[in-house]
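Tertiary structure, described
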Amino acid sequence: MKPLAGLTVVDFSKVLAGPLCTQYLGDMGADIVKVEAVKDGDDTRRWPPFRGDDGTVFLSCNRNKRSIALDLKSSAGREVARRLVQGADIVVESFGPGVPQRLGIDYETLSALNPALIYCSISGFGRSGPMRDGKGYDVILQAFSGMMSITGEPDGAPSRSPFSPVDQATGFHAITGILAALLERGKTGKGALIEVSLFDTAMAFLGYFFQSYWEKGTQPAKSGSGHESLCPYQAFQAADRYILLGVANDTLWRRFCELAGLAAIADDPRFRTNADRVANRTATVGMVQAVIGTRTSDEWMRLLGEAGIPASPINSFADVSGHPHTDATGIVLEMAHARYGTLKGVAQPIRFNGSRNAPASPPPLHGEHTAAILAGLGYTPDAVERLRADKSVFIP
C-alpha cells in the first residue's frame, strides 16, 4: 500500500529528524528528492562508523530518496531549487534560524511560487520565543527540557538517552503535521506551513512528569530503570544476567508473590497496594532482588511467562537481532545497494493490510541523481555541464 504515490517531496533537511520523516514518507510512496550540499552532502555521511564512504546513521534514515547536490548559495543553485519546488507537493527543511530567508527558500517565498505547497519547518527551539535563535541538537534539548535531570541512576550523573529520542520523535510529529495538511489541502486546495521543534517534542515527552511536578511542586527523582509511580517495576539481577520485571498492578503483585515464595507479605500493609510499595520502595526492591537472584534469567522467563507477569531479559543488540520474533515480524529489511552490496535497515513500524511496504530504493550516493533530476527539470546537457563547471551542482 503506497498511499502517498504521486506526491513529490523536496527534502532540504539533514542529520536525523527531517531525514527520518522523509524516509517514512518515501516508504509510503512519495517521491523524495534529497537536496544536499555540493561539498560532502548530509552531515551524517561523515559520522562513523562507515559502510564505504557513508556513515551508518546516514544509511539508517535515507532510503527511498534521490540525491541532488546543489550550492544553494549560488544563484544558479537557488534557481534549480525553485524549479524543484514549483512542481512539488511538500518541502521539509531544518535550517538554522534565518537561513531559509537568506537562501530564498523560506515559506513565504516558496508558497508564492506554489500556493498548494505544504512546507514543514523543523527547528531546535521553534520560530518564536526568546530561545528561537538557539542551536538545537537532540542532546541540547534533553538537557534544556529537564529530560537529563530525570535520566540515570538516583545517585549518578545526568545521563543522555543515547538513541536520540527527541530528534526521532520530532520527525514523527512532522509526518503527522504533513499528513494532516494533505487532508486539509484536499478540501481547500491550499498549502500550509507546518512547524515542529525539538523543544516542543521534548516537552511533550515529559508531559506526565510535568503534570506530577505541577501537582507536587517537587523535582521528579531519577529512577534508573524503574518508574516513579510503580513498584516493583525495574531491572533486577538474576543469577546470570539482568531481567526487567514489570509488576504494573496489584493483581500482578499477588501472582508474583505466590510464584516467588513471598505470599506471606502479599497483604502486609507496607506492600499490599502499589501506592504502599512505592512508599516503601527500598524494602520492596530489596526483597524482590533477593528472590530474583536465586534463579537464572531463563528460569525466570519461563516461570513469569507461565504466570502472565510481564518480564524480559535485558537483551543485547546481538540477542534481539538473532531472536526468532525479530525475523518473523519482518521489521529488519534488506536492500541491494550498487556500491555497498546488501544493506540492512529497520522497516517503517507500520503494516498496511497486514504487510510492510518494501523500500523503493537504497540510500543514495552523494549527488547520485543530480544529472537525471536536472534533465527532468528541463535542463539541457550543455546547461547541466555549465552548472557542474561553475560548481553550482555536484555530479559524481
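So, here's what we can say about the structure. Nothing here was measured: the structure is a model prediction, and the numbers come from that model.

Looking only at helices and strands, the protein features 17 helices and 14 strands. When its C-alpha atoms are laid out on the principal axes, the protein stretches across 85 × 50 × 40 Å. Computing the positive centroid from 40 side-chain charges and the negative centroid from 41, the protein places the two 3 Å apart.

Now for the packing of helix 7 (residues 165–188) against helix 8 (residues 198–205). Packing of helix 7 against helix 8 leaves a shortest axis separation of 9 Å and a crossing angle of 100°. The pairing of helix 7 with helix 8 is recorded here as roughly perpendicular in orientation. Here helix 7 contributes Pro 165, Val 166, Asp 167, Ala 169, Thr 170 and His 173 to the contact with helix 8, which in turn contributes Leu 198, Thr 201, Ala 202 and Phe 205. For the contact of helix 7 with helix 8, a count of residues per class yields 6 nonpolar, 3 polar and 1 charged.

With that settled, consider the nonpolar core. Residues Leu 25, Cys 120, Ile 122 and Ile 178 are the most contacted members of the largest nonpolar core, which totals 37 residues. For this core, the elements supplying multiple residues, two or more each, are helix 1 (17–27), strand 6 (90–93), strand 7 (118–123), helix 7, strand 8 (192–197), helix 8 and helix 9 (207–216). Sort the elements by how many residues they give to this core and helix 7 lands first, with 6 residues. When residues no more than four places from it in sequence are discounted, the contact partners of Leu 25 are Leu 4, Val 9, Ala 30, Ile 32, Ile 175 and Ile 178.

One open sheet holds the 3 strands; their spatial order is 9-10-11, and the pairing between them is antiparallel. Single-partner strands in this sheet number two, and they are strand 9 (233–237) and strand 11 (311–313). Each strand of the sheet is rotated relative to its neighbour by a mean of 20°, with strand direction disregarded. As defined by bridge partners, strand 9 adjoins strand 10 (residues 242–246) across 5 bridges and the pair is classed as antiparallel. Bridge assignment links Tyr 233 to a residue of strand 10, and that residue is Gly 246.

When helix 10 (residues 250–260) is considered as a whole, its buried residues turn out to be Leu 252, Trp 253, Phe 256, Cys 257 and Ala 260. The buried residues of helix 10 all sit within an arc of 140° when viewed along its axis, so they share a single face. The backbone nitrogen of Thr 251 lies 3.1 Å from a side-chain oxygen of the residue at the head of helix 10, namely Asn 249. Just downstream of helix 10 lies Gly 261, where phi reads positive at about 75°.

This part takes up the pairing of strand 5 (residues 65–70). By the criterion of burial, strand 5 is predominantly enclosed, with 5 of the 6 residues buried. The pairing of strand 2 (residues 31–37) with strand 5 spans 6 bridges and is classified as parallel. By the bridge assignment for strand 5, Val 35 is matched with Ile 68. As paired elements, strand 5 and strand 14 (residues 393–394) share 2 bridges and run antiparallel to each other. By the bridge assignment, Ala 69 is partnered in strand 14 with Phe 394.

Once that is clear, we can look at the pattern of salt bridges. Throughout the structure, instances matching the rule amount to 21 salt bridges. Measuring nitrogen to oxygen at the nearest pair gives 2.8 Å for the salt bridge that ties Arg 45 to Glu 36. Residue Arg 45 is classed as buried on the basis of its relative accessible area of 3%. On the accessibility criterion, Glu 36 (3% relative accessible area) is buried. Among the ionic pairs, Arg 127 bridges to Glu 93, the shortest N-O distance being 3.3 Å.

Turning our attention to the side chain of Thr 201. Here Thr 201 lies in helix 8. Only 2.8 Å separates the side chain of Thr 201 from the side chain of Thr 170, close enough to count as a polar contact. If sequence neighbours within four positions are ignored, Thr 201 has contacts with Val 166, Ala 169, Thr 170 and His 173.

Another point: unusual backbone geometry. A negative phi angle characterises most non-glycine residues, just as the trans form characterises most peptide bonds. Pro 49 follows Pro 48 through a cis peptide bond whose omega is 0°. Of note, Pro 49 is situated in the loop between strand 2 and strand 3 (50–51). Here the residue pair Cys 231 and Pro 232 is connected by a cis peptide bond, since its omega of 0° sits within 30 degrees of zero. Although it is not a glycine, Asp 40 adopts a positive phi angle of roughly 75°. With respect to the secondary-structure elements, Asp 40 resides in the loop between strand 2 and strand 3. You will see that Ser 164, though not glycine, has its phi angle at about 55°, which is positive.

Reading guide: rules and limits
- Residues numbered from 1 in each chain as written.
- Predicted model: local features only at pLDDT ≥ 70, side-chain atom pairs only at ≥ 80, totals over all residues.
- Heavy atoms only, no water.
- Helix = DSSP H or I, 4+ residues; strand = E, 2+ residues; numbered from the N terminus.
- Lys, Arg positive; Asp, Glu negative; His and termini not counted.
- Charge placed at Lys NZ, Arg CZ, Asp CG, Glu CD.
- Axes fitted to C-alpha atoms, helices over the stretch in contact; angles between N-to-C directions.
- Parallel < 35°, antiparallel > 145°, perpendicular 65-115°, else oblique.
- Contact = heavy atoms within 4.5 Å.
- Nonpolar A, V, L, I, M, F, W, Y, C, P; charged D, E, K, R; others polar.
- Core = buried A, V, L, I, M, F, W, Y, C linked by side-chain atoms within 4.5 Å.
- Buried < 20%, exposed > 50% of the residue type's maximum accessible area, 1.4 Å probe, protein only.
- Pairing = 2+ DSSP bridges.
- Arc of directions from axis to C-beta.
- Polar contact = N/O pair within 3.5 Å; in protein donor to acceptor, adjacent residues only side chain to side chain.
- Salt bridge = Lys/Arg side-chain N within 4 Å of Asp/Glu carboxyl O.

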